[in-house]
Amino acid sequence: MPKKIMVLGETRGGQLRNVSFEAIAAGKTAAQSGEVVGVLIGDSVQPLAQEMIRYGADRGIVVEDKNLSHYTSDGFTQAFMAVLDQEQPDGILFGHTALGKDLSPKLAAKLNAGLISDATDISEEDGQIVFTRPIYSGKAFEKVMIDEGLLFATIRPNNIAPLKRDEGRSGDVSSVSASIKDLRTAVEEIVRKSADGVDLAEAKIVIAGGRGVKSKEGFQPLKELAEVLGGAVGASRGACDADYCDYSLQIGQTGKVVTPDLYIACGISGAIQHLAGMSNSKVIVAINKDPDADIFKVADYGIVGDLFEVVPMLTEEFKKVKAGSL
Amino acid sequence: MNLIVLMKRTFDTEEKITISDGRIQEDGAEFIINPYDEYAIEEAIQLRDKHGGEVTVITVGNDDAEKQLRTALAMGADKAVLINSEEDIEEGDQYTTSKILVGYLKDKEADIILAGNVAIDGGSGQVGPRVAEGLGIACVTTITNIEVNGQNVLITRDVEGDQEKISTSLPLLVTCQQGLNEPRYPSLPGIMKAKKKPLEELELDDLDLDEEEAAPKTKTTDRFMPPEKAAGRILKGDTADQVKELAALLRSEAKVI
Ligand SMILES: Cc1cc2nc3c(=O)[nH]c(=O)nc-3n(C[C@H](O)[C@H](O)[C@H](O)COP(=O)(O)OP(=O)(O)OC[C@H]3O[C@@H](n4cnc5c(N)ncnc54)[C@H](O)[C@@H]3O)c2cc1C
Ligand SMILES: Cc1cc2nc3c(=O)[nH]c(=O)nc-3n(C[C@H](O)[C@H](O)[C@H](O)COP(=O)(O)OP(=O)(O)OC[C@H]3O[C@@H](n4cnc5c(N)ncnc54)[C@H](O)[C@@H]3O)c2cc1C
């Protein structure tokens, strides 16, 4: 049966995040030939609505209010509830980001609904929508569905392919008004720690350094490689604990979970808590001077050697490759 | 202050996982306090030591969770509550667990409820925010610092690596992120004392919550291991050749560049 699915578009630095386009693609599957509606919440988000449509949404809804300039759970809950009251959809999809993780369980509780968090796949099986999600820190997977009532899920970045952007596609964009008030939390300040450039959680290529990088300066060759490849730099907790880099780079069980197309681990031993954050990456390369390091067990390709020798050579090699392919 | 910690007993994911008949095999596996809940317990103890009051640790589970509750008491919590759902409900999800917790907490007038950011086995991160909503109190997730001043609370939260400074007020539910503190190990005297601390065991009947109300909304139809990865290839030859080969493989074989 065709369904109406609402997808929340999330912005960062004034742009829509990739995961929102991925959620639209998931929404197409969930809608079963029904309608996908892009929802934008903020203080001036109207201009982005057409972009959600170009990526496959059928129409857009915006909720704008000066009290929505920063994300707060209460503000965004009020805004999204106003949209739900009007639209009465069959399903809701968010990205499994800091925002999605904060907002979705709260809404689900309010709506007395089930919620499937951190899905890496969506499919239709015998007319039912089934989600796949990692459990036990990525060591196993489960298939979960919601039999009846609202379909509600969050989508892990980088797992479901977005649809191709269609410049010619357009649709209706309307606005819903909501009175955003009585917010119980206020954002006083935001301290940016994450590096500019490629968003680690969404990066297609991640170059990660561990304790083997040995110092703050030791990250420089990794940064250069990341730059050549258009990737982001990440780290093990070992490197963060040693103060070689900021905790915002940490990947693993207690850090970020990433699933890039290519993960290059440099001077990382491959502790189970680190693997929890990256083992589902599509291709893993390990560079480590210890041939017995556990990281080689999950690697597709390995180089046993000194990262300070190997990484700069790789950078040079890719520079040549890139220059050649232009 | 009335401080309440939501604690989950989790499978130690350092352990090898095996699945049979679509279920995770738990026999002989190690169980631990969910690592994020250790941050919650530690923070609650520190808040109590600073502001006075009492720390109660609660778990929804079965008898086996008594071990982890005793560990929390040995760390310094004052009381433990085990809500044993085993007899009454067979199937459960995050909706179920939160309904049960809300059923217990609704008349407890907690000042601060501390939960973990996420459970390392189930991995949804839903239970904390769901409980806050069920109780009608504010919720701040993934906190790395908290300062309480009378009714006012200042919090730093981690947002994908950036820091957000939040002001809010009691009562409040927070979920704890790495970086909040360094959880202590139980001391020997702590372990001795824990044996005498109160550990209350309740069943659903005691909460005046009927099973229907807590019936799960989601259904797990299968559990499986990721496809076994083919053994990786360790490149050979001198370093320069290995680097060239790697770059070529990533382009032509893996097709990721
Ligand atoms: C509850 C808990 C949660 C945790 N969460 C996380 C998490 O989220 N993320 C995480 O990463 N860890 C986490 N850890 C820590 C984890 O157990 C490991 O301690 C950590 O991952 C080790 O970091 P590392 O691999 O950089 O360091 P090490 O284990 O010290 O490995 C360094 C590696 O570098 C290699 N090396 C040294 N010099 C060179 C060189 N010149 N060239 C090439 N290779 C070199 C060495 O051979 C070695 O393999 C957690 C631990 C606990 C208990
Ligand atoms: C009656 C019943 C039957 C169940 N049957 C199954 C089953 O057959 N198979 C299965 O896989 N799971 C079962 N569960 C567990 C359930 O599916 C979830 O694992 C649980 O609700 C927690 O979700 P999560 O692991 O995603 O935790 P998250 O939401 O990620 O946990 C976040 C935080 O919430 C708090 N929290 C989470 N769980 C509890 C808890 N139990 N007690 C106290 N605080 C908690 C902790 O602070 C934790 O850090 C059952 C639960 C119940 C109540």
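On a predicted model such as this, the values are computed, not experimentally measured, just so you know.

Rules behind the numbers
- Residues numbered from 1 in each chain as written.
- Chains lettered and ligands numbered in written order.
- Predicted model: local features only at pLDDT ≥ 70, side-chain atom pairs only at ≥ 80, totals over all residues.
- Heavy atoms only, no water.
- Domains from an automatic or database assignment.
- Contact = heavy atoms within 4.5 Å.
- Buried area = accessible area lost by both parts, 1.4 Å probe.
- Salt bridge = Lys/Arg side-chain N within 4 Å of Asp/Glu carboxyl O.
- Polar contact = N/O pair within 3.5 Å; in protein donor to acceptor, adjacent residues only side chain to side chain.
- Nonpolar A, V, L, I, M, F, W, Y, C, P; charged D, E, K, R; others polar.
- Near = heavy atom within 4 Å.
- Areas by Shrake-Rupley, 256 points an atom, 1.4 Å probe, with all protein chains shown as cover.
- Helix = DSSP H or I, 4+ residues; strand = E, 2+ residues; numbered from the N terminus.
- Pairing = 2+ DSSP bridges.
- Buried < 20%, exposed > 50% of the residue type's maximum accessible area, 1.4 Å probe, protein only.
- Expected span 1.5 Å × (residues − 1).
- Phe/Tyr/Trp six-rings, centres within 6.5 Å; stacked < 30°, edge-to-face > 60°.

Here we look at the domain arrangement of chain A
Interfaces are frequently sized by the accessible area removed from exposure as the parts join.
All names here are of chain A.
Part 1 of the reasoning: The assigned domain composition of chain A is domain 1 (4–175) and domain 2 (200–323).
Part 2 of the reasoning: In this structure, domain 1 and domain 2 have C-alpha centres spaced 31 Å apart.
Part 3 of the reasoning: Taken residue by residue, the interface counts twelve residues in domain 1 and twelve residues in domain 2.
Part 4 of the reasoning: Looking at the side of domain 1 facing domain 2, the largest losses of area belong to S137, R156 and N158, adding up to 52% of the total buried there.
Part 5 of the reasoning: Our count for the contact surface shared by domain 1 and domain 2 stands at one salt bridge.
Part 6 of the reasoning: Linking domain 1 with domain 2 are eight residue pairs in polar contact (both at pLDDT 80 or more).
Part 7 of the reasoning: Of the residues in the side of domain 1 that touches domain 2, the class split is three nonpolar, five polar and four charged.

Quick look at the site of ligand 1
Residue and element names in this part refer to chain A.
Part 1 of the reasoning: In the vicinity of ligand 1 lie 26 residues, with R211, S236, T254, S269 and Q273 positioned nearest.
Part 2 of the reasoning: Measuring from an oxygen atom of ligand 1, one finds a side-chain N or O atom of Q273 at 2.7 Å.
Part 3 of the reasoning: The separation between a nitrogen atom of ligand 1 and a polar side-chain atom of D306 is 2.9 Å.
Part 4 of the reasoning: Burial of ligand 1 by the protein amounts to 79% of the accessible area it has alone, namely 1,000 Å².
Part 5 of the reasoning: Those elements giving two or more residues to the shell around ligand 1 turn out to be helix 6 (237–241), helix 7 (272–275) and helix 9 (307–325).

Some remarks on the interface of chain B and chain A
Part 1 of the reasoning: Contacts between chain B and chain A engage 75 residues on the former and 81 residues on the latter.
Part 2 of the reasoning: Around 6,700 Å² of area is buried between chain B and chain A when both sides are counted, 54% of it from carbon and sulfur atoms.
Part 3 of the reasoning: Summed over the shared surface of chain B and chain A, the number is nine salt bridges.
Part 4 of the reasoning: Note that E160(B) is salt-bridged to R17(A), the shortest N-O span being 2.9 Å.
Part 5 of the reasoning: Put simply, chain B and chain A have 42 residue pairs in polar contact (both at pLDDT 80 or more) between them.
Part 6 of the reasoning: Ranked by residue count, the leading element in the side of chain B that touches chain A is helix 7 (residues 239–252) of chain B, at ten residues.
Part 7 of the reasoning: Pairing of strand 13 (residues 186–191) of chain A with strand 11 (residues 162–169) of chain B, which is carried by five bridges, proceeds in the antiparallel orientation.

Some words on the pattern of salt bridges
Part 1 of the reasoning: Per the stated rule, a full pass over the model turns up 44 salt bridges over all chains.
Part 2 of the reasoning: Here E160(B) ties to R12(A) by a salt bridge, and the two come within 3.5 Å at their closest N and O atoms. Taken together, the residues E160(B) in the loop between strand 10 (152–159) and strand 11 and R12(A) in strand 2 (residues 11–12) connect one chain to another.
Part 3 of the reasoning: Exposure remark for E160(B): the relative accessible area of 13% places this residue in the buried category.
Part 4 of the reasoning: The exposure class of R12(A) is partly exposed, given its relative accessible area of 31%.
Part 5 of the reasoning: E51(A) is the partner of R165(A) in a salt bridge, and the nearest nitrogen-oxygen pair spans 2.8 Å. Separated by 114 residues along the polypeptide, R165(A) in the loop between strand 11 (151–155) and strand 12 (173–175) and E51(A) in helix 2 (residues 49–54) bring together distant segments of the chain.

Thoughts on the environment of Y185(B)
Residue and element names in this part refer to chain B.
Part 1 of the reasoning: With respect to the element layout, Y185 can be found in the loop between strand 12 (172–176) and helix 5 (188–194).
Part 2 of the reasoning: Classification of Y185 as exposed rests on a relative accessible area of 75%.
Part 3 of the reasoning: Separated by 144 residues in the primary sequence, Y185 and I41 place their C-alpha atoms 11 Å from one another.

Structural notes on helix 4 (residues 98–110) of chain A
Residue pairs spaced three or four apart in an α-helix point in one direction, given the helix's 3.6 residues per turn.
Residue and element names in this part refer to chain A.
Part 1 of the reasoning: In this model, helix 4 (13 residues) spans 19 Å end to end at C-alpha, consistent with the 18 Å of a helix rising 1.5 Å per residue.
Part 2 of the reasoning: Burial analysis of helix 4 places eleven of its 13 residues in the buried class, which makes it a mostly covered element.
Part 3 of the reasoning: Of all the positions in helix 4, only A98, L99, G100, D102, L103, S104, P105, K106, L107, A108 and A109 are classed as buried.
Part 4 of the reasoning: Immediately downstream of helix 4, the backbone of N112 shows phi near 55°, a positive value.

What to know about helix 1 (residues 18–31) of chain A
Residue and element names in this part refer to chain A.
Part 1 of the reasoning: Over its 14 residues, helix 1 extends 20 Å from the first C-alpha to the last, a length consistent with the 20 Å expected when each residue adds 1.5 Å.
Part 2 of the reasoning: With respect to burial, helix 1 is a largely interior element, eleven of its 14 residues being buried.
Part 3 of the reasoning: Residue Q32 follows helix 1 closely and has a positive phi angle near 45°.

Description of the side chain of S248(A)
Part 1 of the reasoning: Positionally, S248(A) belongs in the loop between helix 6 and strand 16 (262–266).
Part 2 of the reasoning: Its relative accessible area of 6% is what places S248(A) among the buried residues.
Part 3 of the reasoning: Those residues within four positions of S248(A) in sequence are excluded, and the remaining contacts are K193(A), S194(A), L200(A), K256(A) and G161(B).

Digging into the environment of D210(B)
All names here are of chain B.
Part 1 of the reasoning: Residue placement: D210 occurs in the loop between strand 13 (199–203) and helix 6 (211–214).
Part 2 of the reasoning: It is 66 Å that separates the C-alpha atoms of D210 and K244, two residues lying 34 residues apart in sequence.
Part 3 of the reasoning: Of the polar contacts made by the side chain of D210, one reaches the backbone nitrogen of E212; its length is 3.0 Å.

Some words on the environment of E201(B)
Residues and elements named next belong to chain B.
Part 1 of the reasoning: Mapping E201 onto the fold places it in strand 13.
Part 2 of the reasoning: We classify E201 as partly exposed; its relative accessible area is 39%.
Part 3 of the reasoning: It is 5.9 Å that separates the C-alpha atoms of E201 and V81, two residues lying 120 residues apart in sequence.
Part 4 of the reasoning: Those residues in contact with E201 that lie beyond four places of it in its chain are D63, L82 and N84.
Part 5 of the reasoning: At a separation of 3.0 Å, a polar atom in the side chain of E201 contacts the side chain of N84.

Looking at the packing of aromatic side chains
Part 1 of the reasoning: Scanning the entire structure with this criterion turns up eight aromatic pairs over all chains.
Part 2 of the reasoning: Measuring from centroid to centroid gives 4.9 Å for Y71(A) and F76(A), while their planes differ by 70°, and the two rings are edge-to-face. Across the pair, F76(A) and Y71(A) agree in class, each one buried.
Part 3 of the reasoning: Between Y136(A) and F11(B), the ring centres sit 5.2 Å apart and the planes meet at 90°, which makes this aromatic pair edge-to-face. Taken together, the residues Y136(A) in the loop between strand 9 (128–135) and strand 10 (140–145) and F11(B) in strand 2 (residues 9–11) connect one chain to another.

A short note on the site of ligand 2
Residues and elements named next belong to chain B.
Part 1 of the reasoning: Taken together, 30 residues surround ligand 2, and among them K8, D37, T97, S124 and G125 come closest.
Part 2 of the reasoning: One nitrogen or oxygen atom from the main chain of L6 is found 2.7 Å from an oxygen atom belonging to ligand 2.
Part 3 of the reasoning: Relative to its unbound accessible surface of 930 Å², ligand 2 loses 86% to contact with the protein.
Part 4 of the reasoning: Only strand 6 (54–61), helix 3 (94–105) and strand 8 (112–116) provide two or more residues apiece to the shell around ligand 2.
Part 5 of the reasoning: Residue composition of the shell around ligand 2, by class: ten nonpolar, twelve polar and eight charged.

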